[in-house]
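Chain by chain, the residues run as shown.
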Amino acid sequence: MQDGIAADLTLAAELSRLIGDPARVLTAPAVLDRLSHDFYWYSPILRPQLADKCGDVAVQPVSVEEVLAVMRFAGRREIPVTVRGAGTGNYGQCVPLQGGIVLDLSLMDKLEEITAEGVAVCQPGLRLGGLETEARKQGWELRMYPSTIVKASVGGFLGGGSGGIGSVAHGQLRDFDNVRAFEVVTMEDEPRVVLHEGPAVHEILHAWGTNGVLTRIWLALTPAVEWMQFTAAFDTYEEALTFAETIAVDEAWTKRLVTVFEWPIPSFFTPVKKIVRDGKALVLIMIAAAQLDALRNAAKDARGEVTFSGIYDGPRTQPLLSDYTWNHTTLWAMKADPAYTYLQCGFSAAECREQFRMLRERYGDEILFHIEFMKNGDGVVIPGAIPVVRFTTEERLNDMIAYCRSIGIFVANPHVNYLEDAGRFRADNMQLRAKERYDPRGLLNPGKMISFHREAVTR
């Protein structure tokens, strides 16, 4: 044990000389534990697997030159490096499985500019909430963002996220040129900065930092809209789904968010219980202010009761109803009952009702429907979903995942700690090929891309 502590202190001392500021090389056990974990505990499967994993030292660079220096040092010593954004992911993306260096990019948080064309040029540690606030001052806003907008970083979102609020109009990160370009530091014998733009961004996008370190990002924005938050309660889930689908698929409606919650999910939202009606499904929409009255009328015509409307004035809006959508919904469910967890699904636009019926018939109230409408890469709005699931055993959860896939439901499995089954791994192996080029020794976030084999690269 003493030898291990001494080795860690020696490692920290060497890294301090590289970046010139010992205050940005962190070794305190509590700090290392915090920087080595994310929200992996959403999964009852990952919780015991990852709880004791921890880096040996954390480094907080402030420049590309410092990132290059750390990567060069780690490469020569064959020390694993795990990149960390803000730690708001749910798959254990930033949990170091083999110790080593945690590269915390939170201090690389500058917004360089927002171009006249509406592209944000920024460093990876910039918080999405800060970018949204500044962009709106200049007449722009984020195309999409996770429900963790206040804390999440741009680099972490690109490295571990996929979509969110705004995806109903703009698709996901990999769609519609939403990510224009970024610069990546490699883990080659001599690390370098490589510019990826256009289709080349897909080599690195949503690869959990396994094949490069994002250091500069060009992220497309969209013209700002005056948004209103809106909720309506419906007697049945079917009525709520039908109304929400009508709004989501009709391009005449300018919307940023269309969400449906089956009862009893709304009962979990205790801070906003005034917008909930006992026993009823809830629809939550962000709609252009100019269309609010028309949306009210449409909801009433669909036999819905409008329970709330209020202006969205940026990420600090109170109440911020996006705090109850996407994977924040799961968090509220877990607060109500720790036995709840979740899945990440994509239903068929044409067959979703039959798929819902089959799931309900097989699993009853073990699964509760939570729908997030999103546009896919073909421009079709589909019912994505983050259903709330009651966990009993790993076998039962795996049965549910397998059954979903057998009836045509896409599942990104949030209960594994590797890319290949987590739903965003490229079928063309583009991310794997990039790792073989940029990290041939497998030192970046090792263990998270299980199709990578160092021997296949070096022989």
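The structure this text deals with has already been given above.
Sequence order sets the numbering: in each chain, residues are counted from 1 along the sequence as written. Where totals are concerned, whole chains, interfaces and linings use all residues; where local detail is concerned, this predicted model gives features only for residues with pLDDT of at least 70, and gives and counts side-chain atom pairs only at 80 or more. Heavy atoms throughout the structure, all of them, feed into the side-chain values; hydrogens and water do not.

Draft legend 1. Structural view of the overall build of the protein chain. Per the secondary structure count, the protein chain includes 14 helices and 21 strands. The C-alpha radius of gyration of the protein chain comes to 22 Å, within 12% of the 23 Å expected for a compact globule of 459 residues. Seen through its C-alpha atoms, the protein chain measures out along the principal axes to roughly 70 × 55 × 40 Å. Exposure is judged per residue with a 1.4 Å probe applied to protein chains only, and the accessible area is read against the type maximum: over 50% gives exposed, under 20% gives buried, and values in between give partly exposed. For the protein chain, with 459 residues in total, the buried portion stands at 59%. Pairs at least 24 residues apart make up 71% of the contacts formed inside the protein chain by residues separated by at least 6 positions. Here the open area of atoms and residues is found with the Shrake-Rupley method and a 1.4 Å probe, where only the protein chains shown may cover a residue. Carbon and sulfur atoms provide 51% of the accessible area of the protein chain, an area that totals close to 17,900 Å². Neither His nor the chain termini are counted; the positive set is Lys and Arg, and the negative set is Asp and Glu. Throughout, a charge is located at the NZ atom of Lys, the CZ atom of Arg, the CG atom of Asp or the CD atom of Glu. Positive and negative charge centroids in the protein chain, built from 47 and 58 side chains respectively, lie 2 Å apart. By definition, any uninterrupted DSSP run of H or I lasting at least four residues is a helix, any uninterrupted run of E lasting at least two residues is a strand, and each is numbered from the N terminus. Only C-alpha atoms enter the radius of gyration, while the globule expectation follows 2.2 Å times N to the 0.38, with N the number of residues. Between two residues, a contact is recorded if the distance between any of their heavy atoms is within 4.5 Å.

Draft legend 2. Representation of the packing of helix 11 (residues 352-363) against helix 12 (residues 394-406) in the model. The convention used is that axes are lines fitted to C-alpha atoms, helices contributing only their stretch in contact, and that angles between N-to-C directions extend from 0 to 180 degrees. Direction vectors running N to C along helix 11 and helix 12 enclose 155°, while the axes themselves pass 11 Å from each other. As the angle between them shows, helix 11 and helix 12 are arranged roughly antiparallel. In this structure, helix 11 meets helix 12 at a crossing whose hand is right-handed. Residues Met358, Leu359, Arg362 and Tyr363 of helix 11 form the contact with helix 12, whose own contacting residues are Arg396, Asp399, Met400, Tyr403 and Cys404. A class-by-class count of the residues in the contact of helix 11 with helix 12 yields 6 nonpolar, no polar and 3 charged. Note that the term roughly parallel is reserved for angles under 35 degrees, roughly antiparallel for angles over 145, roughly perpendicular for angles of 65 to 115, and oblique for everything else. We call a crossing left-handed when the near helix sits turned anticlockwise from the far one by less than a right angle, and right-handed when that turn is clockwise. Under the convention adopted here, Pro, Cys and the residues Ala, Val, Leu, Ile, Met, Phe, Trp and Tyr are nonpolar, Asp, Glu, Lys and Arg are charged, and Gly plus all remaining residues are polar.

Draft legend 3. Expanded view of the pattern of salt bridges. What counts as a salt bridge is simple: a side-chain nitrogen of Lys or Arg found within 4 Å of a carboxyl oxygen of Asp or Glu. By the definition in use, this model includes 31 salt bridges. Here arginine 24 makes a salt bridge to glutamate 66, at a shortest N to O gap of 2.8 Å. Highlighted residues: arginine 24 in the loop between helix 1 (2-19) and strand 1 (25-26) and glutamate 66 in helix 4 (residues 64-77), separated in sequence by 42 residues. Both residues of the pair, arginine 24 and glutamate 66, belong to the buried class. Aspartate 421 is the partner of arginine 405 in a salt bridge, and the nearest nitrogen-oxygen pair spans 2.9 Å. Of this pair, arginine 405 sits in helix 12 while aspartate 421 sits in the loop between strand 21 (410-412) and helix 13 (430-438); the two residues are 16 residues apart in sequence, bridging distant segments of the chain. Exposure remark for arginine 405: the relative accessible area of 36% places this residue in the partly exposed category. In the salt-bridge network here, residues are joined through shared partners; they are Glu132, Arg136, Glu141 and Arg256.

Draft legend 4. Seen up close, the pairing of strand 13 (residues 281-288). Across the 8 residues of strand 13, 8 count as buried, placing the element largely inside the fold. Paired strands are those between which DSSP finds at least two bridges. Across 8 bridges, the pairing between strand 11 (residues 227-234) and strand 13 is antiparallel. Residue pairing in the sheet places alanine 232 in a bridge with valine 283 of strand 13. For strand 12 (residues 255-261) and strand 13, the ladder comprises 6 bridges, and the chain directions are antiparallel. When the sheet's bridge partners are listed, phenylalanine 261 is paired in strand 13 with leucine 282.

Draft legend 5. The side chain of threonine 231, seen in detail. Summarising the element assignment, threonine 231 is placed in strand 11. Given the relative accessible area of 0%, threonine 231 is considered buried. A polar atom in the side chain of threonine 231 sits 2.7 Å from the side chain of threonine 307. In this structure, threonine 231 is in contact with Ile275, Leu282, Val283, Leu284, Glu305, Val306, Thr307, Phe308 and Leu321, ignoring residues within four places of it in sequence. In the analysis that follows, any N or O atom pair within 3.5 Å is treated as a polar contact, provided that within protein one partner can donate a hydrogen and the other can accept it, and provided that, for residues neighboring in sequence, both atoms belong to side chains.

Draft legend 6. Local environment of the sheet that holds strand 20 (residues 388-390). Here we have 3 strands laid out as an open sheet, ordered 15-20-17, and antiparallel in their pairing. Edge positions in the sheet fall to strand 15 (340-342) and strand 17 (367-368), since each of these pairs with one other strand and no more. Its contacts with the sheet put helix 10 (residues 328-336) on strand 15 and strand 20, and the angle it makes with strand 15 is roughly 165°.

Draft legend 7. Region of the structure containing the nonpolar core. We call a set of buried residues a nonpolar core when its members are Ala, Val, Leu, Ile, Met, Phe, Trp, Tyr or Cys and they connect through side-chain atoms within 4.5 Å of each other. Grouped together as the largest cluster of nonpolar side chains are 60 residues, with contacts concentrated most on Val154, Leu158 and Phe182. In this view, phenylalanine 182 contacts Leu158, Val194, Leu195, His196, Val201, Ile204, Leu205, Leu214, Arg216, Ile217 and Trp218; residues no more than four positions away in its chain are not counted.

Draft legend 8. Just the sheet that holds strand 19 (residues 381-385), in detail. Across the sheet, 8 strands lie side by side as 14-11-13-12-18-19-16-21; this open sheet has antiparallel pairing. Each having just a single partner strand, strand 14 (305-311) and strand 21 make up the two edges of the open sheet. For this sheet, the mean inter-axis angle between neighbouring strands, taken without regard to orientation, is 20°. Relative to strand 14, strand 11 runs antiparallel, the two being bridged by 6 bridges. Pairing of alanine 232 across the sheet is with valine 306, part of strand 14. Sheet contacts for helix 9 (residues 292-301): strand 11, strand 13 and strand 14; angle to strand 11, the most-contacted strand, approximately 5°.

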